[in-house]
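Report on the structure
Each chain, letter by letter, is given below.
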Amino acid sequence: MADYDYDLFIIGAGSGGVRAARMASTYGARVGIAEESRVGGTCVIRGCVPKKLLVYASQFAEEFAWAEGYGWSVEGASFHWASLIARKDAEIDRLNGLYLQTLRNNNVTLHEARAELADAHTVILTRNGHETGRVTADKILIAVGGWPAMVNIPGAEHAITSNEAFHLKAQPKRIVIAGGGYIACEFAGIFNGLGSHVVQLYRSTQILRGFDQDIRDTVAAEMRKKGVDLRVESPVIERIDKRDGDLLVTLVDGSTIETDAVMFAIGRAPNTQGLGLETVGVETNDVGAVLVDEDFRSSVPNIFALGDVTDRIQLTPVAIAEAMAFAATQFGGVPTFMDYRDVPSAVFTQPPVGTCGLPEHEARDLYDDIDIYKADFRPMKHTLGGASERTMMKLIVDRQTDRVLGAHMVGLDAGEIIQGIGVAIKCGATKAQFDATVAIHPTAAEEFVTMRTPVPRLKQAAE
Ligand code: NDP
């Protein structure tokens with residue numbers, strides 16, 4: 001082997017990069033990693049973690065209202081945005097420190113620099129546009145993640161993305177959120193819960209495209225009940241004009257909305273610009289995602305990529321699982337493949353979504369004969385709490401094999417509940433095995449093992 005500085009050099013110290021670094025080092029590799037921003041990546045610094053903290057913060061107003069139904073009087077409660085942001089930042093600093101420590105403890109050399117490929121084995125490191133060094137490596141892993149997409153319209157500079165939403169100096173009293181995916185729906189819930197007036201503009205027929213239709217309809221209905229002004233089949237934003245103290249949003253149909261902030265949550269694009277991929281011949285697709293095979297190998301045999309930059313399933317635990325498989329295969333001598341089936345996920349809307357396996361429309365495409373089981377009820381907490389919020393649960397079963405193909409839920413603790421159901425689905429559990437599982441009473445989760453009667457066929461056909 002040529003005399004390289006490292007056995008593995010990783011570009012990007014997010015969830016996937018850090019895990020690959022740690023595991024490769026554990027297998028004995030000499031590992032270097034470059035990060036131009038903060039170690040921890042999207043999930044820790046400007047994604048999952050700060051988002052979940054803001055979700056928690058935004059739920060208290062409702063909790064205080066529900067508490068009164070339980071005999072509590074909650075008077076004088078008030079909310080301070082700056083205090084929340086400061087405390088959230090402190091927690092992110094703490095986690096960033098833990099990630100740095102993980103790299104140190106595993107003898108991974110951190111280069112706080114931007115990295116660009118010079119050739120298949122050489123990386124140029126720069127800071128503030130100036131070259132600070134070059135390193136060589138036998139294998140290179142691209143784990144640079146993604147970045148919020150933005151539209152090119154007049155006044156786009158007045159809009160924010162999720163990146164900036166975490167650092168606003170003041171809470172907007174009114175906000176317009178464009179998009180109907182995970183981020184738009186989660187932030188609509190956050191700002192609405194904190195008391196902002198939220199207008200959410202979604203261009204197609206129903207939010208959360210790709211999810212089970214019952215999930216989409218239930219979330220949309222509950223978001224509206226809580227006060228989000230959710231407008232589907234909305235004209236998209238044509239321009240944003242700054243006026244004295246506020247923003248004027250003009251839609252393509254000429255209608256306008258006055259607001260204090262505009263947020264675009266319209267997808268995340270692979271962060272591959274300026275990485276030198278063309279220079280070394282790493283192939284990308286039309287959105288800039290690195291094309292890789294089942295070993296995460298790109299079109300250049302010693303260059304690999306995983307996580308959001310490959311634009312397959314943009315979820316932290318997927319990137320981590322990919323990193324484990326990559327390190328085991330390349331450095332542990334144990335060829336390991338990533339299984340992308342039945343990946344559970346949650347959307348931290350209010351109420352949240354938990355889902356695993358096939359949505360009904362996909363199950364119908366793939367299987368001849370399926371049964372649908374559904375439960376829709378007001379959770380016990382709301383009986384005294386007084387909320388009208390519903391919980392919806394759904395199982396999709398293959399009639400021929402009795403296997404549970406999908407489990408979906410909207411309601412309190414959905415993410416927590418679906419994680420366990422995900423194990424059963426991964427194990428190929430049948431509906432009979434769900435039924436043979438003794439319920440935990442009284443919980444909402446027990447509905448998943450007590451749904452006995454499928455939705456009648458005629459009703460299914462009519463829906
Ligand atoms: P998504 O891909 O989930 O949603 C993008 C949304 O923007 C869609 O509703 C899409 O509409 C809409 N859109 C796209 N382009 C335009 C446009 N030009 N004008 C108006 N609307 C547009 O992206 P997100 O940004 O919400 O999130 C990115 C990814 O991050 C997610 O896919 C998810 O994998 C991950 N994520 C996961 C979370 C979790 O696990 N809880 C939380 C946050 C993010 P249409 O449907 O019509 O295409």
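In the block above lies the structure referred to throughout.
Read on for a plain summary of the structure. All values derive from a computational prediction rather than experimental measurement. Along every chain, residues carry numbers that run from 1 in the direction the sequence is written. Only residues with pLDDT of at least 70 get local features here, since the model is predicted, and only at 80 or more are side-chain atom pairs given and counted; chain-wide, interface and lining totals rely on the full set of residues. Computation of side-chain values: all heavy atoms of the structure, hydrogens and water removed.

So, on to the site of the ligand. Near residues are defined by distance, with any heavy atom within 4 Å of the molecule or strand qualifying the residue. Of all residues adjacent to the ligand, which total 20 residues, the nearest are Tyr202, Ser204, Arg209, Gln314 and Ala346. Pairs of N or O atoms within 3.5 Å make up the polar contacts considered here, provided that, within protein, one atom can donate a hydrogen while the other can accept it, and that residues adjacent in sequence are counted only when both atoms are side-chain atoms. In this structure, an oxygen atom belonging to the ligand sits 2.9 Å away from a main-chain N or O atom of Gly180. Separating an oxygen atom of the ligand from a backbone N or O atom of Ile183 is a distance of 2.8 Å. Per-residue and other accessible areas follow the Shrake-Rupley method at a 1.4 Å probe size, with only the shown protein chains counted as cover for residues. In isolation the ligand offers 920 Å² of accessible surface; the protein chains occlude 77% of this area. Each helix corresponds to a stretch of at least 4 residues labelled H or I by DSSP, and each strand to a stretch of at least 2 residues labelled E; elements are numbered beginning at the N terminus. The element best represented in the shell around the ligand is helix α6 (residues 182-193), accounting for 3 residues. Residue type decides the class: Asp, Glu, Lys and Arg count as charged, Ala, Val, Leu, Ile, Met, Phe, Trp, Tyr, Cys and Pro as nonpolar, and the leftover types, Gly among them, as polar. Classifying every residue of the shell around the ligand gives 9 nonpolar, 6 polar and 5 charged.

Structural elements are reduced to axes, namely lines fitted to C-alpha atoms, with helices fitted over the stretch in contact, and the angle between N-to-C directions of any two is expressed from 0 to 180 degrees. Here helix α3 (residues 48-69) crosses α6 at 40°, and the two axes come no closer than 8 Å. As far as their axial angle goes, α6 and α3 are oblique. Every pair of crossing elements has a handedness; the one defined by α3 and α6 is left-handed. Facing Lys51, Leu54, Val55, Ser58 and Ala61 of α3, the residues of α6 in contact are Glu186, Phe187, Gly189, Ile190 and Gly193. Each angle is binned into one of four classes, with values under 35 degrees roughly parallel, values over 145 roughly antiparallel, values of 65 to 115 roughly perpendicular, and all other values oblique. Take the far helix as the reference: if the near one is turned anticlockwise from it by less than a right angle, the crossing is left-handed, and if turned clockwise, right-handed. Residue contacts are counted whenever heavy atoms from the two residues lie within 4.5 Å of one another.

The next subject is helix α4 (residues 81-105). Expected helix span is computed as 1.5 Å times (number of residues minus one). For α4, with 25 residues, the first-to-last C-alpha span of 36 Å sits near the 36 Å given by 1.5 Å per residue. In this scheme, a residue with accessible area under 20% of its type's maximum is buried, one over 50% is exposed, and one in between is partly exposed, where area comes from a 1.4 Å probe on protein chains only. Among the residues of α4, those classed as buried are Trp81, Leu84, Ile85, Lys88, Ile92, Leu95, Asn96 and Leu103.

This brings us to the nonpolar core. Note on terminology: a nonpolar core comprises buried Ala, Val, Leu, Ile, Met, Phe, Trp, Tyr and Cys residues joined through side-chain atoms within 4.5 Å. With 37 residues, the main nonpolar core has Ile177, Phe187, Phe191, Ile207 and Met263 as its most contacted residues. If you list the elements that add at least two residues to this core, you get α3, α4, β8 (174-178), α6, α7 (213-225) and β14 (261-264). The element contributing the most residues to this core is α6, with 6 residues. Once you skip the residues sitting within four places of it in the chain, Ile177 turns out to touch Ala184, Phe187, Ala188, Phe191, Val198, Val199, Gln200, Leu201 and Met263. Judged by nonpolar contacts, the second largest core, of 25 residues, contains Ala21, Val39, Leu103 and Phe296.

Before going further, it helps to examine the packing of aromatic side chains. Note on ring pairs: Phe, Tyr and Trp rings are taken, using the six-membered ring of Trp, and paired if centres are within 6.5 Å. Classes follow the plane angle, with under 30 degrees stacked, over 60 edge-to-face and the rest tilted. All chains considered together, the criterion is met by 8 aromatic pairs. Measuring from ring centre to ring centre gives 5.5 Å for Phe166 and Phe187, while their planes differ by 70°; the resulting arrangement is edge-to-face. Of this pair, Phe166 sits in the loop between α5 (162-165) and β8 while Phe187 sits in helix α6; the two residues are 21 residues apart in sequence, bridging distant segments of the chain. Accessibility assignment for this pair places Phe166 and Phe187 in one class, buried. Relative to Phe191, the ring of Phe187 lies with its centre 6.2 Å away and its plane at 35°, an arrangement referred to as tilted. Of this pair, Phe187 and Phe191 both sit in helix α6, 4 residues apart, which is roughly one turn of the helix. The exposure class of Phe187 is buried, given its relative accessible area of 2%.

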